[in-house]
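This is what each chain is made of:
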Amino acid sequence: MVVAASLPVVVFRSVYTEMNARLQAQAMALGGPVTYLDDEEARQATASVGGTIPRPWELWRRKALGR
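Asks: Whenever I open this one, the environment of aspartate 38 confuses me. Can you help?
Replies: Mapped onto the secondary structure, aspartate 38 falls in the loop between α1 (7-29) and α2 (39-50). Here aspartate 38 falls in the partly exposed class, since its relative accessible area comes to 43%. A distance of 3.1 Å separates the side chain of aspartate 38 from the backbone nitrogen of glutamate 40, its partner in a polar contact.

Asks: What am I meant to see in the confidence of the model for the protein chain here?
Replies: For residues with low pLDDT, the predicted coordinates do not support detailed interpretation. Of the residues in the protein chain, 100% have a pLDDT of 70 or more, and the chain-wide mean is 93. The lowest-confidence element of the protein chain is α2, averaging 93 in pLDDT; the highest-confidence one is helix α3 (residues 54-65), averaging 95.

Asks: What should I look at first to understand a nonpolar patch on the surface in this one?
Replies: Together, Val15, Met19 and Leu23 make up a nonpolar patch on the protein surface, roughly 220 Å² of accessible area in all. Topologically, methionine 19 is positioned in helix α1.

Asks: Just checking my understanding: could you explain α1 for this structure?
Replies: Every α-helical turn comprises 3.6 residues, leaving residues that sit three or four positions apart pointing alike. Its 23 residues place the ends of α1 33 Å apart at the C-alpha level, agreeing with the 33 Å of an ideal helix rising 1.5 Å per residue. Directly after α1, the chain includes glycine 31, whose backbone phi takes a positive value near 90°.

Asks: In this structure, what is going on with the packing of α1 against α3? I would like to understand it.
Replies: Pairs of packed helices are described in terms of their axes, by the angle between the two and the distance that separates them. Packing of α1 against α3 brings their axes to within 10 Å, and their N-to-C directions diverge by 90°. Taken together, α1 and α3 sit at an angle that is classed as roughly perpendicular. Contacts between α1 and α3 involve Leu7, Pro8, Val11, Phe12, Val15 and Tyr16 from the former and Pro56, Trp57 and Trp60 from the latter.

Asks: For this particular structure, what's the right way to read the packing of aromatic side chains?
Replies: Geometrically, a pair of aromatic rings is defined through the distance of the ring centres and the angle of the planes. A full pass over the atoms with the stated rule returns 3 aromatic pairs. Ring centres of phenylalanine 12 and tyrosine 16 lie 4.7 Å apart, and the angle between their planes is 40°; on these two criteria the pair is classed as tilted. Of this pair, phenylalanine 12 and tyrosine 16 both sit in helix α1, 4 residues apart, which is roughly one turn of the helix. Overall, the relative accessible area of 13% leaves phenylalanine 12 in the buried class. On the numbers, 6.4 Å between centres and 50° between planes, the contact of phenylalanine 12 with tryptophan 60 is tilted. Taken together, the residues span a long stretch of sequence, with phenylalanine 12 in helix α1 and tryptophan 60 in helix α3 at a distance of 48 residues.

Asks: So what exactly am I meant to see when it comes to α2 here?
Replies: Look at α2: 16 Å from first C-alpha to last across 12 residues, which is about the 16 Å you get at 1.5 Å a residue. A distance of 3.1 Å separates the backbone nitrogen of glutamate 40 from a side-chain oxygen at the start of α2, and that oxygen is part of aspartate 38.

The rules we used
- Residues numbered from 1 in each chain as written.
- Predicted model: local features only at pLDDT ≥ 70, side-chain atom pairs only at ≥ 80, totals over all residues.
- Heavy atoms only, no water.
- Helix = DSSP H or I, 4+ residues; strand = E, 2+ residues; numbered from the N terminus.
- Buried < 20%, exposed > 50% of the residue type's maximum accessible area, 1.4 Å probe, protein only.
- Polar contact = N/O pair within 3.5 Å; in protein donor to acceptor, adjacent residues only side chain to side chain.
- pLDDT = per-residue confidence, 0-100.
- Patch = residues over 30% accessible without salt bridge, like charges linked within 9 Å, V, L, I, M, F, W, Y side chains within 5 Å.
- Areas by Shrake-Rupley, 256 points an atom, 1.4 Å probe, with all protein chains shown as cover.
- Salt bridge = Lys/Arg side-chain N within 4 Å of Asp/Glu carboxyl O.
- Expected span 1.5 Å × (residues − 1).
- Axes fitted to C-alpha atoms, helices over the stretch in contact; angles between N-to-C directions.
- Parallel < 35°, antiparallel > 145°, perpendicular 65-115°, else oblique.
- Contact = heavy atoms within 4.5 Å.
- Phe/Tyr/Trp six-rings, centres within 6.5 Å; stacked < 30°, edge-to-face > 60°.

Next up, the structure:
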């Protein structure tokens, strides 16, 4: 389940959750340690990525509406 304050953020998180899961599985298959973000890094990443959501959202919206 993906939760967010708006539909664009939910869609963004859904798309990138799947992509990141694939990348994480590939990284883990390499056998080395996987370093995860700590809480502060996660907050900073969320703030940084938040401004980029409108661009892919418009692409996905137009694609879904067939425009």
